[in-house]
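# Structural features, examined
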Amino acid sequence: MEDKAQIQEAIKVQGEVVRKLKSEKASKEQIDEEVAKLLELKVRLGGDDGKHQFVLKTAKETLTGKYGEDSKLIYDLKDQGGELLSLRYDLTVSFKSKYPQRSMTRGRYREFYQCDFDIAGQYDAMIPDAECLKIVHEILSELDLGDFRIKVNDRRILDGMFAVCGVPDDKFRTICSTVDKLDKMPWEEVKKEMVNEKGLSEEAADQIGEYVSMQGGMDLAERLLQDQKMSQSKLACAGLSDIKLLFSYLQLFQFGFSDLLFLFLARGLDYYTGIIYEAVLTQAGVAPVSNEAQNGTNAEESVNVGSVAGGGRYDGLVGMFDPKGRKVPCVGVSIGIERVFSIMEQKAEASAEKVRTTEVQVMVASAQKNLLEERLRLVTELWNAGIKAEVMYKMNPKLLSQLQYCEEAGIPLVAILGEQELKDGVVKLRVVATREEMDIARTDLISEIRRRTSEA
């Protein structure tokens, strides 16, 4: 029997050959030929029972460094051909996710859907960023999920703040990850983590505490630009100047909030390079984070429903995947669809509101048997008139079943045909909500349905 160690080494070498051909975009025929050789080697590695044996390897991941302390949430492996496989807790590579889900706590999911809006390309400062925030505002307003607020910050402001507060350069990212917990933990616990676990001096932590308690709008940005410490950081001043520009554009967009700047907002992922933002639903209107919250009693905790959107600018990420290293500035936002749906369902249950699962305006039903052809004729008339109509796909459905279906699906009207109605040239129109019924001349049915659905 061949030495398995030699075969494993040959597999490793052949895997490198395959990867190189793929990276060089070689012809399919050439790649297939080398892959076949690789598969043959794997077969030869099979044990006595004829089953393949696999060698476990520690894998690398291109974006590990961009996840900061959350890199432990990336699960990596390589197949025996050397192909890199990774399971990430967000969808970064698909364009770059800005809405990570981390656990199974309330309102968080291990598997989820999200809706992304991203703008890529070279544009003047803060114009696309303002549009992203406007879109978030429009979506949450139209969905009528309840009161919400949008929080904005800039990673350059954070880094500048850390620098002037005496945080060593090599601790910027780890301290940023701790600051990011301020929406879930009181300041005293965050400070304890900074000092006891992260090794930050108590003096530096206290200085950070003074800044992260701040929130406001244009006035706060201007005040920080004049701040004795913050004004010493060119990075922070650049971020604050862009924030002011952003606020001016948002005013032109008739944005709904003025107090947007929250210095504790960090969004700990390391691929953010500029503006960052997050939308949070609240139960009792806009609830600012008070000084009391920062001193140990998190007042916002009692009203927060949870983050439903987040994003920011990530100018350095896409270029990592360009062979020529070209820079592609990007800004975007993600809406957490799963969480939005969950909140909408909870609202509907609490209000006993009937949620419509269809846009159908009228169901064409029959009161007796053997009227399928008549139902099909009528539903065709309604379709041709642009009315959203439906008919049950059964030869002789029971009238009660048809009416119950309309109640469950939220279809507002039922057009009922019977032998007597056909003789009289009328259709019995039933209002599902009130169970009111009236005979409508066949020639007037379309106009009557339009009138009633427009009023609804």
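Residues numbered from 1 in each chain as written. Predicted model: local features only at pLDDT ≥ 70, side-chain atom pairs only at ≥ 80, totals over all residues. Heavy atoms only, no water.

### As for the overall build of the protein chain
- A tally of helices and strands in the protein chain yields 15 helices and 14 strands.
- Split into buried and exposed, the 456 residues of the protein chain put 46% on the buried side.
- Long-range contacts, defined as pairs at least 24 residues apart, comprise 65% of the intrachain contacts of the protein chain with a sequence gap of at least 6.
- Of the roughly 24,500 Å² that the protein chain leaves accessible, carbon and sulfur atoms contribute 51%. (Helix = DSSP H or I, 4+ residues; strand = E, 2+ residues; numbered from the N terminus. Buried < 20%, exposed > 50% of the residue type's maximum accessible area, 1.4 Å probe, protein only. Contact = heavy atoms within 4.5 Å. Areas by Shrake-Rupley, 256 points an atom, 1.4 Å probe, with all protein chains shown as cover.)

### What to know about the nonpolar core
- In terms of nonpolar packing, the biggest core is built from 71 residues, with Phe 162, Ile 208 and Leu 246 touching the most fellow members.
- In terms of residues, this core owes the most to one element, helix H9 (residues 234-252), which gives seven residues.
- Non-local contacts of Leu 246, meaning those with residues more than four positions away in its chain, are made with Met 126, Asp 129, Ala 130, Leu 133, Val 152 and Ile 275.
- Leu 378, Val 379, Ala 415 and Met 438 belong to the second largest nonpolar core, which has 18 residues in total. (Core = buried A, V, L, I, M, F, W, Y, C linked by side-chain atoms within 4.5 Å.)

### Comments concerning the UniProt feature "binding site: L-histidine" (unreviewed entry) in the protein chain
- The UniProt record marks Asp 90, Leu 91, Thr 92, Gln 114, Asp 118, Arg 267, Tyr 271 and Tyr 272 with the feature "binding site: L-histidine" (unreviewed entry), using the residue numbering of this structure.
- In this structure, Tyr 272 sits in the loop between strand E6 (261-262) and strand E7 (275-282).
- A polar side-chain atom of Tyr 272 sits 3.4 Å from a polar atom in the side chain of Arg 267. (UniProt positions renumbered as here; feature names shortened; annotations may be inferred. Polar contact = N/O pair within 3.5 Å; in protein donor to acceptor, adjacent residues only side chain to side chain.)

### Considerations on the packing of aromatic side chains
- Using the criterion set out here, one finds three aromatic pairs in the structure.
- Over the face of the ring belonging to Phe 262 we find Lys 151, whose NZ or CZ atom lies 5.6 Å from the ring centre. (Phe/Tyr/Trp six-rings, centres within 6.5 Å; stacked < 30°, edge-to-face > 60°. Lys NZ or Arg CZ within 6 Å of the ring centre and 35° of its normal.)

### A word on the packing of helix H12 (residues 372-384) against helix H15 (residues 445-455)
- Viewed as axis vectors pointing N to C, H12 and H15 meet at an angle of 60 degrees, and their least axial separation amounts to 10 Å. Judged on the interaxial angle alone, H15 and H12 are oblique. Crossing of H12 against H15: the hand is right-handed. Here Leu 378, Glu 381 and Leu 382 of H12 lie close against H15, whose contacting residues are Leu 445, Ile 446 and Ile 449.
- A class-by-class count of the residues in the contact of H12 with H15 yields five nonpolar, no polar and one charged. (Axes fitted to C-alpha atoms, helices over the stretch in contact; angles between N-to-C directions. Parallel < 35°, antiparallel > 145°, perpendicular 65-115°, else oblique. Left-handed = near helix turned anticlockwise from the far one by under 90°. Nonpolar A, V, L, I, M, F, W, Y, C, P; charged D, E, K, R; others polar.)

### Observations concerning the pattern of salt bridges
- Inspection of the entire model under this criterion finds 24 salt bridges.
- We note a salt bridge from Glu 278 to Arg 267, for which the minimum N-O separation is 2.8 Å. Here Glu 278, found in strand E7, pairs with Arg 267, found in the loop between E6 and E7; they are eleven residues apart in sequence, far enough to count as distant.
- Given the relative accessible area of 11%, Glu 278 is considered buried.
- Residues Asp 315 and Arg 313 are paired through a salt bridge, measuring 2.7 Å at the closest nitrogen-oxygen approach. As far as the burial class goes, Asp 315 and Arg 313 line up, both buried.
- When salt bridges with common partners are traced through the structure, they connect Asp 129, Arg 313 and Asp 315 into a single cluster. (Salt bridge = Lys/Arg side-chain N within 4 Å of Asp/Glu carboxyl O.)

### What to know about the pairing of strand E13 (residues 426-431)
- Here E13 lies mainly inside the structure; five of its six residues are buried.
- Two elements, strand E12 (residues 413-417) and E13, share four bridges in a ladder whose sense is antiparallel. Looking at the pairing, Ile 416 lines up with Lys 428 of E13.
- Two strands pair when backbone bridges link them, and E13 and strand E14 (residues 436-441) are joined in this way by six bridges, in the antiparallel orientation. Bridging across to E14, Val 426 finds its partner in Ala 441.
- Remark: four residues form the turn of the hairpin made by E13 and E14, two consecutive strands paired antiparallel; Arg 435 in that turn has positive phi of roughly 65 degrees. (Pairing = 2+ DSSP bridges.)

### So, unusual backbone geometry
- The phi dihedral of Met 126 is positive, around 75 degrees, even though this residue is not glycine.
- Examined against the element boundaries, Met 126 turns out to sit in the loop between strand E3 (114-120) and helix H3 (127-143).
- Of note, Gln 254 is a non-glycine position whose phi angle comes to about 55 degrees, a positive value.
- As for its position among the elements, Gln 254 is in the loop between H9 and E6.
- Using a relative accessible area of 67% as the deciding quantity, one classes Gln 254 as exposed.

### Things to note about the confidence of the model for the protein chain
- Confidence along the protein chain averages 81 in pLDDT terms, with 79% of residues attaining 70 or more.
- Low pLDDT, under 50, characterises residues 47-52; the stretch is placed with seven contacts to residues that sit more than four places away or in other chains.
- Taken as a whole, residues 56-60 scores under 50 in pLDDT and shows six contacts with residues more than four places along the chain or in a different chain. (pLDDT = per-residue confidence, 0-100.)

### Regarding the pairing of strand E9 (residues 330-336)
- The buried fraction of E9 amounts to seven of the seven residues, a majority that puts the element mostly inside the structure.
- A two-sided burial pattern is seen for E9, the buried positions comprising Cys 330, Gly 332, Ser 334 and Gly 336 on one face and Val 331, Val 333 and Ile 335 on the other.
- Here seven bridges tie E3 to E9, and the two strands are oriented antiparallel to one another. Residue pairing across strands places Asp 118 opposite Gly 332, the latter belonging to E9.

### Some remarks on H12
- Over its 13 residues, H12 runs 18 Å from end to end, which matches the ideal 18 Å to within 8%, given 1.5 Å per residue.
- What H12 keeps buried is the set Arg 375, Leu 378, Val 379 and Leu 382. Considered in projection along H12, the buried side chains sweep an arc of 100 degrees and stay on one side of the axis. What points out from H12, more than 90 degrees from its buried face, is the exposed set Glu 373 and Asn 384.
- On the buried face of H12, the contacting elements are strand E10 (362-366), strand E11 (389-391), helix H13 (399-409), E12, E13 and H15.
- Where H12 ends, the next residue or the one after it, Gly 386, has phi of about 80 degrees, a positive value. (Expected span 1.5 Å × (residues − 1). Arc of directions from axis to C-beta.)

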